[in-house]
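In case you want the letters, here they are:
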Amino acid sequence: MLNQLKTEFFKLGKRWLPYVLLVVMLVSVLLPIVINYINYNDILSKHPELNDVEVIINPDGSTEITGLPHPEPGSSFDFESPFLARQLDRYKQSLVLPGAMQSVFNSVPGLGMFLVIVFAASVIGNEYGWGTVRQSIARGKSRLAYFVAKLSTSAIGAAAGVLIAVLAGFIATIITSLLVEGAIVWEGFAGWFFTSLGCSFLVIAVYLTMANFFAVALRSAMAGMAVAAAWFIGESIVLALVSMSTGWLAETSVYFISYNTSQLLSTGFAEGFDGSLWKPVLILLGYIAVFAAGAYRVFRRQDLAA
Amino acid sequence: MERGTVIRTCGLTKHFNTARRKILAVDNLNIEVPQGSIYGFLGPNGSGKTTTIGMLLGLIRPSAGSIELFGQDMGRESPKLLERTSSVLENSPMYPYLSGRDNLEVFARMRGAVDHSKIDEVLDIVGLAKRAGSPSRTYSLGMRQRLSIALALLSDPELVILDEPTNGLDPSGIIDIRDIIRQLGEQGKTIFLSSHLLHEVEQVCDYVAVLNRGRVIAQGPVEELLHRGDRLEIKVNDINAASLLLADVPWISTIETDEEYLYITADEAKHPDINEMLVRSGIKVFEMKKSSNSLEDFFLGAIEEEHQEAGNA
């Protein structure tokens, strides 16, 4: 098993696909931070008087701006300043920890779902296309060991990708925090960070096992990607329709994958993990178990004809 | 010392279910491959050779019947038994983005140890040393086939299963592969060679099974099969008289004639007696020669017979 796992990583290391996917992930995490920082500096350079402005969010959700300079009668700044102050504050929040990491955690699993579908379907599905799955099994690899090694490679590879992207975002936001604020508030950050990371892994794992299942069942990377992506999109549409209905049909929405992933991504990221998130976690773990076990069952009984 | 049996199938059957119909690919196959033999598995395209190999290698689940490798049932011990085998699969599946050398390394890693000198050695044997660093997607079919053979040589298998190993090779490549097969045979390894090329099987194999429409229609030592239909060709001055004379001889199996020759099937030991009978009866014998069947004759004859039987049934 360990030999097979090492072999999988040897092969993976020689493919361009994981590197391309990682670059896409890193760009999607780092580019918004860079753009926000440029915009933040742009506003400040044009309106240095806004540097001391503070936007306070009241308990009722309304905002209050303090420190606005006294407007000169007739100047355009008169009208723009509250708007610019709010915009500046939004940029600041996206650049300063801990709020900045929320943007990172939103983009990692969001785009990551699609990237992991491509990745997981390729790891197993291409072996069918190349015929190399036959070569491995014919050389005395047990199907269980082969399957577990493949799934583990996808999972470890995807987890590494998420971790690298999150760490890159984390380092970038530490730098921007120091540049913008000059200091970082760490209070309560670690707990929230690891909860968000765990939620991201879980969301990614559901789509990883789904893509793996369809690639095995359809014996093709492309078909696996297409069906998993179609499920992702189709389920969102069905969920929207079901949510608009009434009675028992509306209640079924809580068992949809996308319902539970959005619960984790919205509530989990905003407020941290609380008891209400156990249900989505368990439902998603159920999906992971069904997809993984289903894929192995199909693989175990599959004829690997030329 | 009596030879053991490396492969034994009993009632091996495989049918594939498609949306429209059920296809019987292998039908009640019973073969025994003796240890240390070069066993030819001969049949036209679509006769079930690759499906049989798929079942032997644990790639395809049999619909019925059993397989024993090295005297043990394949059902439970499949991976363990397959570690003692090597194979060249149809189409030579390889990782296209990896070089020839890396492909060999991948499969060596799966079995634990990577012996780089052994990789170089097998690349040299199959004549791929110079292109070993190029991605295998740039290889021709013949080069992929050579790489596949290198892969089969990488471990030290007791049984080598080759599915059409000379496909895509040029004549010199075919000769090289034939030599490799002979060398493996001389090392005492058991070779199971599937082919639709009669002369290939005839030249290297000592046992053969002929497969048609998923069924074995003949099997045994190649020499025995080739001599099964040996005939004596006799040129005489009076074909009709000779034919009448020999018609009542009980140990002559068949007599056929054309304008010039008598064709007689009989035990080789009796050939001088035939000559003596003809001469004593005043028939002049101009020429007597033994004609051996080629495997092609045998193969075509066996398939023809099978078609006739199927037609009669």
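Here the residue index of a chain counts from 1 through its sequence in written order. All chains are assigned letters beginning with A, and all ligands numbers beginning with 1, in the order in which they are written. Note on the predicted model: pLDDT of at least 70 is required for a residue's local features to be given, and 80 or more for side-chain atom pairs to be given and counted; whole-chain, interface and lining totals, by contrast, use all residues. Heavy atoms throughout the structure, all of them, feed into the side-chain values; hydrogens and water do not.

Engineer: So what exactly am I meant to see when it comes to the pattern of salt bridges here?
Structural biologist: Here a salt bridge means any side-chain nitrogen of Lys or Arg lying within 4 Å of a carboxyl oxygen belonging to Asp or Glu. A complete count under the given rule lists 22 salt bridges over all chains for this structure. Among the ionic pairs, D303 of chain A bridges to K14 of chain B, the shortest N-O distance being 2.7 Å. Of this pair, D303 of chain A sits in the segment after α11 (278–301) while K14 of chain B sits in strand β1 (residues 5–17), each in a different chain. No difference in accessibility class separates D303 of chain A from K14 of chain B, as the two residues are buried. A salt bridge links K189 of chain B to D156 of chain B; the nearest nitrogen and oxygen atoms lie 2.6 Å apart. Residue K189 of chain B is found in the loop between α6 (171–186) and β9 (190–195), and its partner D156 of chain B is found in the loop between α5 (141–154) and β8 (159–163); the two are separated by 33 residues along the sequence. We call a residue buried when its accessible area falls under 20% of the maximum for its residue type, exposed when it is over 50%, and partly exposed in between, using a 1.4 Å probe and counting protein chains only. Residue classification places K189 of chain B among the buried residues on the basis of a relative accessible area of 11%. Among the charged side chains, a network of salt bridges with common partners joins E8, K11, E127 and K150 of chain A. The way it works is that DSSP assigns letters per residue, a run of H or I at least four long becomes a helix, a run of E at least two long becomes a strand, and they are numbered from the N terminus.

Engineer: Would you mind going over the confidence of the model for chain A with me for this structure?
Structural biologist: In low-pLDDT segments, the atomic positions of the prediction should not be examined closely. Across chain A, the average pLDDT comes to 87, with 92% of residues at or above 70. Confidence of the prediction at every residue is given by pLDDT, a number between 0 and 100. When mean pLDDT is compared element by element in chain A, α11 of chain A scores highest at 95, while strand β2 (residues 63–66) of chain A scores lowest at 72.

Engineer: In this structure, what is going on with the packing of helix α2 (residues 17–46) of chain A against helix α4 (residues 99–130) of chain A? I would like to understand it.
Structural biologist: Angle between the axes and distance between the axes: these two values describe a pair of packed helices. Residues and elements named next belong to chain A. Here α2 crosses α4 at 170°, and the two axes come no closer than 10 Å. In terms of orientation, α2 and α4 fall into the roughly antiparallel class. As for how α2 packs across α4, the hand of that crossing is right-handed. Contacts between α2 and α4 involve L17, P18, L21, V24, M25, S28, V29 and I33 on the former and, on the latter, V104, S107, V108, L111, G112, L115, V118, F119 and S122. Only Asp, Glu, Lys and Arg are considered charged, only Ala, Val, Leu, Ile, Met, Phe, Trp, Tyr, Cys and Pro nonpolar, and every remaining residue, Gly among them, polar. In terms of residue class, the contact of α2 with α4 is made up of 13 nonpolar, four polar and no charged. Structural elements are reduced to axes, namely lines fitted to C-alpha atoms, with helices fitted over the stretch in contact, and the angle between N-to-C directions of any two is expressed from 0 to 180 degrees. Angle categories: roughly parallel below 35 degrees, roughly antiparallel above 145, roughly perpendicular from 65 to 115, and oblique for all the rest. Take the far helix as your reference; a near helix turned counterclockwise from it by less than a right angle gives a left-handed crossing, and one turned clockwise gives a right-handed crossing. Contacts were defined at the residue level, with two residues in contact if any of their heavy atoms lie within 4.5 Å.

Engineer: What is the right way to read a nonpolar patch on the surface from this model?
Structural biologist: What goes into a patch is any residue over 30% in relative accessible area without a salt bridge, connected to like charges within 9 Å or, for nonpolar side chains (Val, Leu, Ile, Met, Phe, Trp, Tyr), within 5 Å. Under the convention used here, a 1.4 Å probe and the Shrake-Rupley method define accessible areas, while residue burial counts only the protein chains that appear. A cluster of nonpolar residues, F114, I233, I237, L241 and M244 of chain A, forms a patch on the protein surface that exposes about 530 Å² of accessible area. Within the element layout of this structure, I233 of chain A appears in helix α8 (residues 221–244).

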